[in-house]
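# Structural overview
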Amino acid sequence: MGLPHPMKTPLARLSLISLLALALPAAAKDQPSTNTAVPANPPGPAGTRLELPLETGWTFHRADTPDAAQTAPVVVDLPHDWSIAGPFDADAPAKRGGAYLPTGTAQYRKFFTLPDSDKGKHVEIQFDGIAANGEVFINGHSLGLRPSAYVSVHYDLTPYLKFGTAADGRNVIDVNVNNGIQPVSRYYTGSGINRHVRLVITNPVHVETWGLYVTTPEVTPEKATVHLQTTVTNTGTAPGSFLVQSMVHDNGGHMIGPSYQSAPQTIAAGASATFEQDILVPNPKLWDLDHPNLYKAIVAVVRNGGGMNGMGNMTGMGGMMDRGAVDVDSATFGIRKIEFKPETGFWLNDRNIKILGVCLHEDGGAVGAAVPRSVYVERFSALKALGANAIRLAHNPPNPVELEVCDQLGLLVMDEMFDCWTVSKPNAERGYAMFFNDWSLKDLHDAVMRDRNHPSIILWSAGNEIHDTPQEEKAKGILRGLVDEFHRVDPSRPVTQALFRPANSHDYTNGLAAMLDVVGTNYRDNELVATNQEVPGRKVLNTEERQDAKTWVYVRDHPQLAGCFLWSAVDYLGEGFVAVRPAGVDDPGGAWPNISGGSGLLDRTLTIKPAGLERQSWWSTKPVVHIVRSSDRPRNATANAIPNGTTPGVAGSLADWTPNPANHYTDATVYVLSNCEEVELLLNGQSLGMKPLPADASPRQWNLAYAPGELKAVGRNGGKEVASEILQTAGAPAKVVLTADRATASPSFDDVVFVQAMVTDAQGVRVPFADDTLHFEISGPGQLVATDNGKPDDHTVFPSPARSTKDGRALALVRAKDTTGKITVTATADGLQPGTVNLT
């Protein structure tokens, strides 16, 4: 078996991996597949590097179904998550953590051809993630197996390739995936090649994968120093002398200042060399929350004497490539300065900022673990609109696309590595703890190497609620190794950890917390303040927190707390709500029929919950007014999970003024969630009084007799109206109304359009008690990707075109199949006027 490059696998690890790999039946060589013909890379400087997505026309074969030997493979495009198609099953091996969805083993296969002109080139394949235990083969040769579902891997294909367009020149990539060892996780991981894949073709002398590292060690408004560290590898057979030519472009593609040239170095065959350069950027446009300005560093590897010496004032990338470059690589980065201080928390570009964070698992709800970019954009934009400025990507290395979106939107990121070390957790008994000793340092190394140029990342996290810490010396030994590796690969950022009951395991005093640059813990803000006061210089952060007013005020009023991350941002698959929690059991396994919990500020369809509306009233810098009321709906075990620690009263409240006609709703408690100095409540035009802003951030409350009609809240600052909201009583359900988040679509995996469906009365008021089944149809060059309603106990598979409503709402995700034409989305329901929306 081939071994993961560059680490050599010891015999013990090899034995474990061999057991996990299983014997998957190979798909027949003549199975249908779409061959990708790699285009000829033009000779000379313009053809120094080719990055080609390798994502269409993969043959997919489930190897664990009862009739797997007879089941015909199908052709799929990547990214691909086979688990999300269902069905849901109470007896699924993945159990509660896997959302009761199927797992198992499968094989992916892809054919491609390379032109003869690529002989002598270096060719590698890059997978952004394979879930899980993915073993990659090229033309029958194993390149390696990686247990983690979250780390990116890259393999050198060069020694095993064929060339030419004839049948005997066809190459085949096989990927065996084994996600049948369950249960592996407390939350949904998905199954398959669920992130992007590409071929990268370079000359033998090239910038190593993840070998361009950009930092900004000196930042002022007048100038910034951009430090480039470029690692160049020579996979050829002869030594050579090379130098690196570098430049910086702004986000508009304009070159900033002159290019810079390094001193030459001799690189032996099979060896690498690192080039260090500093580039001065005058009057930099800083990356911050409101103006996430981005730059691009471009480096060219040039053979010494190849014609670029003395070109210090050369302008543009074209000029660089026209003068003998053997490779050109680039990295997007931001110029910004970050700092944590013991007395005042977090600083960005010399401005003191409270981290207003939320925790987020990677799944995208109805699309599972194969998440299009537009899903991340919708989610992060919605969270930022609530006032969030930071995302904790919990609890594993994220999809690179997530980080790109955070860079572009101006969101801070806590990038976390592990949910366990060597001690497993309930519902993850056969998960990463089995591999931690063998793989953790390698996985951490690769994750940090890949992600370290993202300006959004301000913190690395070594783990979440790690259960090894009661074993004091063992835990300190592990943490020391992890922190050292973080600092070695990226000395520019601090390291934290979400400590697990640190007072019980004495982490604050036994030396473990002292290893962390920033001490983090979950749900223990008072302990953080205490350890900050007891240990001079200790920096502290709430890595996970409840959603109630009391905890928010505590964070708000203690400047030494850098901020907090709420659990959680969006409802996620797995960890379904458990109505009755057995005594003494922290994480019960039986949540059926619930496939997801209810801890998010947003549900799976991105509908804002009352807890999210309340959070916006605390975090937003704009005037906010929202109305919620006490519920008239019976609580039940499946559909009414309450977010952890939500403010009493807001928990279980409803954002409507339409009681269920089957109930006799007479006495209402109304809560207005607002940051305005004064709020007035009016029922059918009659004022019910004005209330001032409470110092403790609690909602303003009115008790009144229910009457149908219009309930209005008006927020005032300085006596002037600055915000308002109206809730109206709905009549009988009459029609379906569709709205799309935008009017255009494209035939790209990363582009899906959110089509929100709402059941309304004849006047367009949402009918919250409507429980209709909508049928979505697509005409024109479009396709339905998935539907959802946010219900934690709905077992309709996500690809289904039929979806019941929750609170009168449902969601359809739509993708284009062509670049031209009109797509019409229609939703029908018995007895209701259909709804339509058109996309270009």
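These numbers were taken from a predicted model, which means no experiment stands behind them.

Counting buried positions over the ten residues of helix 10 (residues 610-619) gives ten, a clear majority of the element. Within the sequence span of helix 10, burial applies to P610, A611, G612, L613, E614, R615, Q616, S617, W618 and W619.

It is worth spelling out the sheet that holds strand 42 (residues 802-804) at this point. Spatially, four strands are ordered 42-40-44-45 in an open sheet, and the strand pairing comes out antiparallel. The open sheet has two edge strands, strand 42 and strand 45 (835-839), and neither has a second partner. Taking each pair of neighbouring strands and ignoring which way they run, the sheet shows an average axis angle of 25 degrees. With three bridges connecting them, strand 40 (residues 773-779) and strand 42 associate as antiparallel partners. Across the sheet, the residue bridging to T773 is S804, located in strand 42.

Tracing the backbone shows T729 in the loop between strand 37 (720-728) and strand 38 (735-740). For the pair T729 and P768, spaced 39 residues apart in sequence, the C-alpha separation works out to 9.8 Å. When neighbours within four sequence positions are excluded, T729 is seen to be in contact with W657, T658, Y706, P708, G709, D761 and V765. A polar atom in the side chain of T729 sits 3.5 Å from the side chain of Y706. Here the side chain of T729 touches G709 through a polar contact of 2.9 Å, landing on its backbone nitrogen.

Here the focus is the side chain of D128. Position of D128 relative to the elements: it lies in the loop between strand 6 (122-127) and strand 7 (134-138). Engagement of the side chain of D128 in a polar contact is seen with the side chain of R198, the distance being 2.8 Å. Aside from chain neighbours lying at most four places away, what touches D128 is Y150, V151, S152, R195, H196, R198, P400 and R450.

Attention now moves to helix 3 (residues 373-385). An ideal rise of 1.5 Å per residue puts 18 Å on 13 residues; helix 3 measures up with 18 Å between its terminal C-alpha atoms. For helix 3, the full list of buried residues reads S374, V375, Y376, R379, F380 and L383. In this structure, the buried side of helix 3 is in contact with strand 23 (355-360), strand 24 (390-393), helix 4 (400-409) and strand 39 (753-760). Taken from the residues just after helix 3, G387 is the one with a positive phi, measuring 110 degrees.

On to the sheet that holds strand 33 (residues 678-683), then. Strand order across the open sheet formed by four strands is 34-33-36-37, with antiparallel pairing between neighbours. Looking at which strands have only one partner, the edges of the open sheet turn out to be strand 34 (686-692) and strand 37. Averaged over all neighbouring strand pairs, the angle between strand axes comes to 20 degrees, with direction disregarded. Pairing between strand 33 and strand 34: five bridges, direction antiparallel. Within strand 34, the residue paired with E680 across the bridge is M690.

Before going further, it helps to examine the packing of helix 5 (residues 436-451) against helix 6 (residues 472-489). Two elements in contact, helix 5 and helix 6, have axes separated by 9 Å at closest approach and are oriented at 25 degrees. Comparing the axis directions of helix 5 and helix 6 gives the class roughly parallel. Crossing hand, helix 5 versus helix 6: right-handed. Taking contact as the criterion, the partners of F436, S440, L441, L444, H445, V448 and M449 in helix 5 are, on helix 6, I478, G481, L482, E485, F486, R488 and V489.

The next point concerns unusual backbone geometry. The step from L78 to P79 runs through a cis peptide bond, and the omega angle for that step is -5 degrees. By the element assignment, P79 lies in the loop between strand 4 (74-76) and strand 5 (105-113). Backbone torsion omega between A131 and A132 reads -5 degrees, so that peptide bond is classified as cis. Looking at the element boundaries, A132 is found in the loop between strand 6 and strand 7. Non-glycine residue K95 carries a positive phi angle of around 60 degrees. The residue K95 is located in the loop between strand 4 and strand 5 in this model. Phi at R501 takes a positive value of approximately 45 degrees, unusual for a residue other than glycine. Relative to the helices and strands, R501 is located in the loop between strand 27 (495-499) and helix 7 (502-505). On the accessibility criterion, R501 (32% relative accessible area) is partly exposed.

Each value, and the rule that gives it
- Residues numbered from 1 in each chain as written.
- Predicted model: local features only at pLDDT ≥ 70, side-chain atom pairs only at ≥ 80, totals over all residues.
- Heavy atoms only, no water.
- Buried < 20%, exposed > 50% of the residue type's maximum accessible area, 1.4 Å probe, protein only.
- Helix = DSSP H or I, 4+ residues; strand = E, 2+ residues; numbered from the N terminus.
- Pairing = 2+ DSSP bridges.
- Axes fitted to C-alpha atoms, helices over the stretch in contact; angles between N-to-C directions.
- Contact = heavy atoms within 4.5 Å.
- Polar contact = N/O pair within 3.5 Å; in protein donor to acceptor, adjacent residues only side chain to side chain.
- Expected span 1.5 Å × (residues − 1).
- Parallel < 35°, antiparallel > 145°, perpendicular 65-115°, else oblique.
- Left-handed = near helix turned anticlockwise from the far one by under 90°.

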